[in-house]
Structure formats: C-alpha cells, structure tokens
Amino acid sequence: MAEGGNVVCTERKCKIPLFVFFEDIRHVFKFDDLGMEILSIAFPAALALAADPIASLIDTAFIGHLGSVEIAAVGVSIAIFNQASKVTIFPLVNITTSFVAEEDTVRRIKEKAAIADLEKGSEEKNDTKLPVTDDTDHEKLEKCASTKVETKESAPAAEFKTTACKSPDNQSKGKVKRVKRHIPSASTAILMGCILGILQTIFLIFLAKPILSLMGVKSGSAMLSPAKKYLILRALGAPAVLLSLAMQGVFRGFKDTRTPLYATVAGDLTNIVLDPIFIFVFRWGVSGAAIAHVLSQYLISIILLCKLMTEVELLPPSAKDLQFSKFLKNGFWLLARVIAVTFCVTLAASLAARLGTTPMAAFQVCLQIWLTSSLLADGLAVAGQAILASSFAEKDYQKAKAAGVRVLQMGFVLGLGLALVVGIGLYFGSGVFSKDKNVIRLITIAIPFVAGTQPINSLAFVLDGVNFGANDFAYSAYSMVLVGALTVTCEFVLSKSNGYIGIWIALTIFMALRTIAGLWRMGTGTGPWRFLRIPSSSPEAKS
C-alpha cells in the first residue's frame, strides 16, 4: 500500500531489487523501441560530449611540442578552469535537463488532453472534427493548442480551428502555424548561465596568481608565466562556456542531442584549425591555444542561441515565470556534489604538480585521456536522464526501471570496450603527446589505471544520469560528499607514500566508491526507486 507517497511494505510483499541490474541483460543491445530511443539520444550526445575533450587533447598535443614546461603549465590552468566551470556548469546543466524534460512532458500531456476535449466538443455539436489523418503531424497540432488551449474551457472548438490552427495570412488553406514552446526553465537557465559566466570570468582573472600558488605553482616556478597567461585568456570565454552548456541542457531536455552536436563540432573544428595558426604561425604559444579555444566557445554559443530562439520563448511574459528558487534549491545539492567530485580531481592534479614538471606533464596527458574516454559514457547518462525524467513525470515507472537498467548495462559494456581501446592506444601512442622519454615512461606506468578503470568510470557517469533523471539530487549530493572525504584522505596518504602511482591508486578508489554509492539507491529500492520493492503483480505496483 502507499501512505503519504511512501511505500509501506510487508515482509511478504517487499523485495530488495539488487538483481534488477541483471534483468534482460541478454537484450542489452536489442534494437527495440526503448533501445532505439536511448541510442538516438545517446549517440549524438556522446559525440558532442567527446568533441570538446578531443579538441583539448589536440590542444595538449600541439602545446606538448612547445616543451614540458608549457604542457605542465597548461595542465594546471585547465585543472583550475575545469574546477571553476564544473562548480557552476554541472548543477546548471543537469537541473535544466531534468526540469525542461518534465515541463515539456507535462505540456504535451495537457495539449493532447486539450485537443481530445476540443474534438469531443466538436462531435457533440455535430461540428466538423479537427482534420486528423494518418499523415497528420500531431506535434504541430499540439503546438497549435499550446497558445490558445490549456483547459477545455479556455477556447471553444471553433476558435481553436480558425484562430489557433490556421495561419493568419492563409486561413483558407488551414495551414498549421508554428508556435514557440513556453518553457520557463529554459529562460531561467540561460539567464543564470550568463550571470554565472561573468562572475567566473571576474573571479579567475583577478585571482589567477593566488589560485595557481595554491595549486603548487609558486612565484619562482617556470610554469607560472605560461600558466597565468593561459588561465586569464581562457577565463574570457567563461560566459560563452556556461551559456552554451545551459542551452545544451535545454536541448537535452527536449531529447534533441543532434543540435548541440552540430554546434560543438563546428566550434571545435574552428579551434583545431586556429590552434596551429595561433601557436606556431603567429608564435603566440600557449596564449594562442587559449585564444583559439575561447573563439570556438563563442561560436558554439551563437549557433545554439540562434536555433533555440526559433523553438522557445526565451523572454518570459514576466519575472514571475522565472524559477530561480526551484533552481537554487536543487542547485545547492548539486553544487555540494560537484565540489566534492572536482575537488578530488583537482587535488590529484595539485599533488602531481608538487612532484615536479615531468610527473605533472605525464599526469596531464593521462588525465585528459582518462576523462575523455570516460565521458563517452555521458551520452548514455544524458539519454537516461531525459527518458527517466519524462517517465517519472508521466508516472510510467515500468519504463523508468527498464530505461535505468538498460543504460547501465550499456554503460558497463561500453566501459569494457574503452578499456581495451585506451590501453592499446595509450601504450603505442604516448609519443604523440610528448617527446620527453621520462614523460612517456610515466604515461606508460599509468596505463593500467587509466585503462583498467574504464568499466567503473562508465558506470559512475551513467549512474549520475539515472539518479538525476529520478530527481534524486539530495542523495547524489550527500553520498558524493562522503565519497569525496574518503578519497581526499586516500590521496594525501597514498601520494606521500607512493608518489605518482599513489595518486592514480587514490583516483581508482574514488571511482570505485562513486560507483558503489550510485548503485546503492536503485539497488536497495529506496528513495524514488521504492516502487522496485513491490512485486509487479501486486495492486500497489499498478496504482
């Protein structure tokens, strides 16, 4: 039974759904409706997510030919920029995806109900029904209804037919007029992205030197000058980064991952073309790499903004439509979570920098590959989050379970494949990133950690999407804070006793704990997954 929204279970009826992750595992890559929906969202999302880190890898390869000092300096600056960006980007993007998916789902449900009411009303009055054929574009009908109809009393059937569904300049032909969607979360996300981006720019420019000092780059270090130049220039692109990723969150909520892919590829190709020109032809060095990256980010933002303006009302009717309190409430939980996650990675980079230029250069190369390959699984996380958010909004718990399980199984198989590719690729291709034999030796030493952790890394990333799709932001936050505290302790202890290897051991422990924490919620059937504890044949499961 259910009391106050909580499932009350007896010993006979309850079960611990630990083995839910193995359900229908033979059909992990079955091309059914669910499988195709996941892949249609995940594949473009994975390509878009991988495009920027791949561009960063190419940056790293170009900069590596300038020298070990330059690549180490850029590595520290990128770690700082990523830390600052993720603190603001991660909560904003993931909250936006979930909220937009929910609002868009509720909007479509209301519009379908409104259209059904209008058709029913027209039948009762012996009026002409709305023209519905096999070729009718139902999405367009829904868009027609969105501006004129929210409940059955809001407009009579005649008004709907002549005003909402006919273009003013061609009513006789009955053409459908394109109506922009009203999604308050989209407007809120874009506004917050702009504000946070400007604040991040100011923060990084004025505190560049003290932050670098905290990262182990002291005044007498050869890394200080190039690191400071790169960090300040990259900071100028922060507004574009946050704005573009906020808009990507909106498109993900619409289950549209193709548009962000096209924009990201266009921007990153621009970055790749400009890199050698600015770095070597103009002889701007690390400054040239930073300028190329900033210009590419502004190009991505412009492309996404132009596209979004054609689909969504970005200017809300009034300030009351903005959802700052809703964003801030859930953003607080995700902020705590992302600080815990990124602090662990940033601390690892700081500890590597304290070991010297050579270990930091090797660590930077390995870390970029580690994160780039793992982020491919984020495509599945995006798909899982969007589908789960819509399923929970529709109260379709069976689809929520099926989607959650399927993306996790796909993520693990993907991780196994990545382990093989990364291991072989890094072993034979480490010379691409540096000509320093000592750097290459340290890269080779880290291969078992970088490649071997890919399966658990993939699961961890996919679990983020699963838990966010279930709006389980609070659990995601406090579980990760606990994991982060344990990881920080391991990093200090192991780096002191085992140096460079110790840092990678600590990061492996971090990802293992992160995966366990993510699996715990769904595997125990607690929180939003309480319905998994009720047998599917029971009346409670059907209610």
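One can find the structure itself at the top, above this paragraph.
Residues numbered from 1 in each chain as written. Predicted model: local features only at pLDDT ≥ 70, side-chain atom pairs only at ≥ 80, totals over all residues. Heavy atoms only, no water.

K.L.:
What is the right way to read the packing of aromatic side chains from this model?
P.N.:
Between two aromatic rings, the relevant description is the distance of the centres plus the angle of the planes. Counted under the stated rule, the structure contains 14 aromatic pairs. Relative to Tyr478, the ring of Tyr475 lies with its centre 5.5 Å away and its plane at 85°, an arrangement referred to as edge-to-face. Note that Tyr475 and Tyr478 are positioned in helix 17 (residues 473-524) at a spacing of three residues, about one turn of the helix. Residue classification places Tyr475 among the buried residues on the basis of a relative accessible area of 8%. Using a relative accessible area of 45% as the deciding quantity, one classes Tyr478 as partly exposed. For the cation-ring pair, Arg181 lies above Phe254, with the distance from its terminal atom to the ring centre recorded as 3.9 Å. Sitting above the plane of the Phe81 ring, Arg234 keeps its charged end 4.5 Å from the centroid. (Phe/Tyr/Trp six-rings, centres within 6.5 Å; stacked < 30°, edge-to-face > 60°. Helix = DSSP H or I, 4+ residues; strand = E, 2+ residues; numbered from the N terminus. Buried < 20%, exposed > 50% of the residue type's maximum accessible area, 1.4 Å probe, protein only. Lys NZ or Arg CZ within 6 Å of the ring centre and 35° of its normal.)

K.L.:
Would you take a moment to explain helix 15 (residues 437-452) for this structure?
P.N.:
Because the α-helix completes a turn every 3.6 residues, residues three or four places apart line up on one side. Here helix 15 spans 23 Å end to end across 16 residues, near enough to the 22 Å set by a 1.5 Å rise per residue. The largest bend along helix 15 reaches roughly 45° and is located at Ala446, with the proline Pro448 sitting one to four residues downstream. All of the buried residues along helix 15 are Val439, Leu442, Ile443, Ala446, Ile447, Phe449, Val450 and Ala451. By the N-cap criterion, in which a side-chain oxygen at the helix start approaches the backbone nitrogen of a residue two or three places on, helix 15 is capped by Asp436, the distance to Asn438 being 2.9 Å. (Expected span 1.5 Å × (residues − 1). Bend = angle between axes of the 7 residues up to and from the residue. Polar contact = N/O pair within 3.5 Å; in protein donor to acceptor, adjacent residues only side chain to side chain.)

K.L.:
Explanation requested: the pattern of salt bridges in the structure shown.
P.N.:
Pairing between side chains of opposite charge can happen when their charged atoms approach one another. Going through the model one piece at a time under the given rule, you end up with 13 salt bridges. Note that Glu23 is salt-bridged to Lys401, the shortest N-O span being 3.3 Å. Of this pair, Glu23 sits in the loop between strand 2 (6-7) and helix 1 (33-64) while Lys401 sits in helix 14 (residues 397-429), placing them 378 residues apart in sequence. Residue Lys255 is joined to Glu37 by a salt bridge in which the shortest nitrogen-to-oxygen separation is 3.0 Å. In this pair, Lys255 is assigned in the loop between helix 8 (238-253) and helix 9 (258-281) and Glu37 in helix 1, connecting sequence segments 218 residues apart. The class for Lys255 is partly exposed, based on a relative accessible area of 26%. Here the residues in one salt-bridge network are Asp104, Arg107, Arg108, Glu111, Arg181, Lys307 and Glu311, joined through shared partners. (Salt bridge = Lys/Arg side-chain N within 4 Å of Asp/Glu carboxyl O.)

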